Amino acid sequence: MAKEQPLFKEATFVLNKICVLPYTDEELDAIGCLGFDMAKNKDFADRYMSGLMEKCELINQHKRVPFSDLNLQLYRKVLEQPDLEQIPDWITMPDAKAAAANNLRARIIKMSQNIQKSKDNQTTAKPENFRN
């Protein structure tokens with residue numbers, strides 16, 4: 001029986017083909033967070049990979065994008081999905097010192113908070129002509 005390749009290993013292979021190299025220190029830290037998120041949450045990993053695979057045309061176009069921008073786009077796409085089973089702990093309960101030390105982490109945390117506020121506002125807002 002063939003051993004299944006971890007999604008994170010596949011993701012880093014694709015990211016290395018798409019992204020501008022070398023990665024910055026902040027980006028390397030974000031890749032570590034991504035690896036942890038993918039290892040601990042299969043739903044998140046599958047959704048992230050799905051979004052990443054949609055970007056594979058960049059390989060054929062010989063385009064390179066900054067990992068920080070691509071990662072932010074992919075996290076946004078995953079976090080905006082209403083049926084996401086679990087949001088990574090480092091986003092929902094951020095370590096203030098770690099977030100302050102890494103601009104990319106802080107941007108993902110802030111983006112997640114904005115998405116959650118938007119979702120909350122959508123569920124609490126009633127149509128104007130709604131009557132009880």
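Residues numbered from 1 in each chain as written. Predicted model: local features only at pLDDT ≥ 70, side-chain atom pairs only at ≥ 80, totals over all residues. Heavy atoms only, no water.

Novice: I'm lost on the overall build of the protein in this one. Help?
Specialist: Summing up its helical and strand segments, the protein has eight helices and zero strands in all. Scanning the protein from its N terminus toward the C terminus, one meets helices and strands in the order α-α-α-α-α-α-α-α. In terms of its C-alpha atoms, the protein occupies a principal-axis envelope of roughly 55 × 40 × 35 Å. Among the 132 residues that make up the protein, the fraction classed as buried is 37%. If you take every contact in the protein between residues at least 6 apart in sequence, the share linking residues at least 24 apart comes to 71%. As displayed, the protein has an accessible area near 8700 Å², and 53% of this comes from carbon and sulfur atoms. Charged side chains in the protein number 19 positive and 19 negative. The centres of these two groups are separated by 2 Å. (Helix = DSSP H or I, 4+ residues; strand = E, 2+ residues; numbered from the N terminus. Buried < 20%, exposed > 50% of the residue type's maximum accessible area, 1.4 Å probe, protein only. Contact = heavy atoms within 4.5 Å. Areas by Shrake-Rupley, 256 points an atom, 1.4 Å probe, with all protein chains shown as cover. Lys, Arg positive; Asp, Glu negative; His and termini not counted. Charge placed at Lys NZ, Arg CZ, Asp CG, Glu CD.)

Novice: When you look at unusual backbone geometry in this model, what are you seeing that I'm missing?
Specialist: With glycine set apart, most residues show a phi of negative sign, and most peptide bonds adopt trans. Residue Pro22 is bonded to the preceding Leu21 through a cis peptide linkage, with omega at 0°. Mapped onto the fold, Pro22 is located in the loop between α1 (7-18) and α2 (25-40). Even without a glycine there, the phi angle at His62 is positive, about 55°. Along the chain, His62 falls in the loop between α4 (57-60) and α5 (67-79).

Novice: Explain the pattern of salt bridges here, please?
Specialist: Oppositely charged side chains can pair when the atoms bearing their charge come close. Scanning the model with the defined rule gives seven salt bridges in all. Among the salt bridges present, the one from Arg105 reaches Asp29, with a minimum N-O distance of 3.0 Å. Residue Arg105 is located in helix α8 (residues 103-124), and its partner Asp29 is located in helix α2; the two are separated by 76 residues in the primary sequence. Because the salt bridges share partners, they merge into one network encompassing Asp43, Arg47 and Asp83. (Salt bridge = Lys/Arg side-chain N within 4 Å of Asp/Glu carboxyl O.)

Novice: Help me out: how do you make sense of the nonpolar core in this one?
Specialist: Generally speaking, nonpolar side chains in soluble globular proteins are found buried as a group. Within the largest apolar cluster, 34 residues are counted, with the highest numbers of intra-cluster contacts made by Leu15, Met38, Tyr48, Leu52, Phe67 and Tyr75. For this core, the secondary-structure elements that each account for two or more residues are α1, α2, α3 (42-54), α5, α6 (89-92) and α8. The element contributing the most residues to this core is α5, with seven residues. The residues contacting Tyr48, other than those within four sequence positions of it, are Leu15, Leu34, Met38, Phe67, Asn71, Leu74, Tyr75 and Val78. (Core = buried A, V, L, I, M, F, W, Y, C linked by side-chain atoms within 4.5 Å.)

Novice: Mind showing me how you'd approach α3 here?
Specialist: A turn of α-helix holds 3.6 residues, and therefore any two residues three or four places apart point the same way. Here α3 spans 18 Å end to end across 13 residues, near enough to the 18 Å set by a 1.5 Å rise per residue. Within the sequence span of α3, burial applies to Asp43, Phe44, Ala45, Arg47, Tyr48, Met49, Gly51 and Leu52. Sitting at the head of α3, Asn41 places a side-chain oxygen 3.2 Å from the backbone nitrogen of Asp43. (Expected span 1.5 Å × (residues − 1). Polar contact = N/O pair within 3.5 Å; in protein donor to acceptor, adjacent residues only side chain to side chain.)

Novice: How do you make sense of the side chain of Ser112 when you look at a structure like this?
Specialist: Relative to the elements of secondary structure, Ser112 occurs in helix α8. By relative accessible area, Ser112 is classed as buried at 9%. When residues no more than four places from it in sequence are discounted, the contact partners of Ser112 are Leu79, Ile87 and Ile91.

Novice: Hey, could you run me through the packing of aromatic side chains in this one?
Specialist: By convention here, two paired aromatic rings are described through the distance between centres and the angle between planes. The final tally for this structure, using the stated rule, is five aromatic pairs. Residues Phe44 and Tyr75 carry aromatic rings whose centres are separated by 5.1 Å and whose planes lie at 50° to one another, so their mutual orientation is tilted. Of the two residues, Phe44 sits in helix α3 while Tyr75 sits in helix α5, which places them 31 residues apart along the sequence. Neither Phe44 nor Tyr75 differs from the other in exposure class; each is buried. Arranged with centres 6.0 Å apart and planes meeting at 70°, the rings of Tyr75 and Trp90 form a pair that is edge-to-face. Separated by 15 residues along the polypeptide, Tyr75 in helix α5 and Trp90 in helix α6 bring together distant segments of the chain. (Phe/Tyr/Trp six-rings, centres within 6.5 Å; stacked < 30°, edge-to-face > 60°.)

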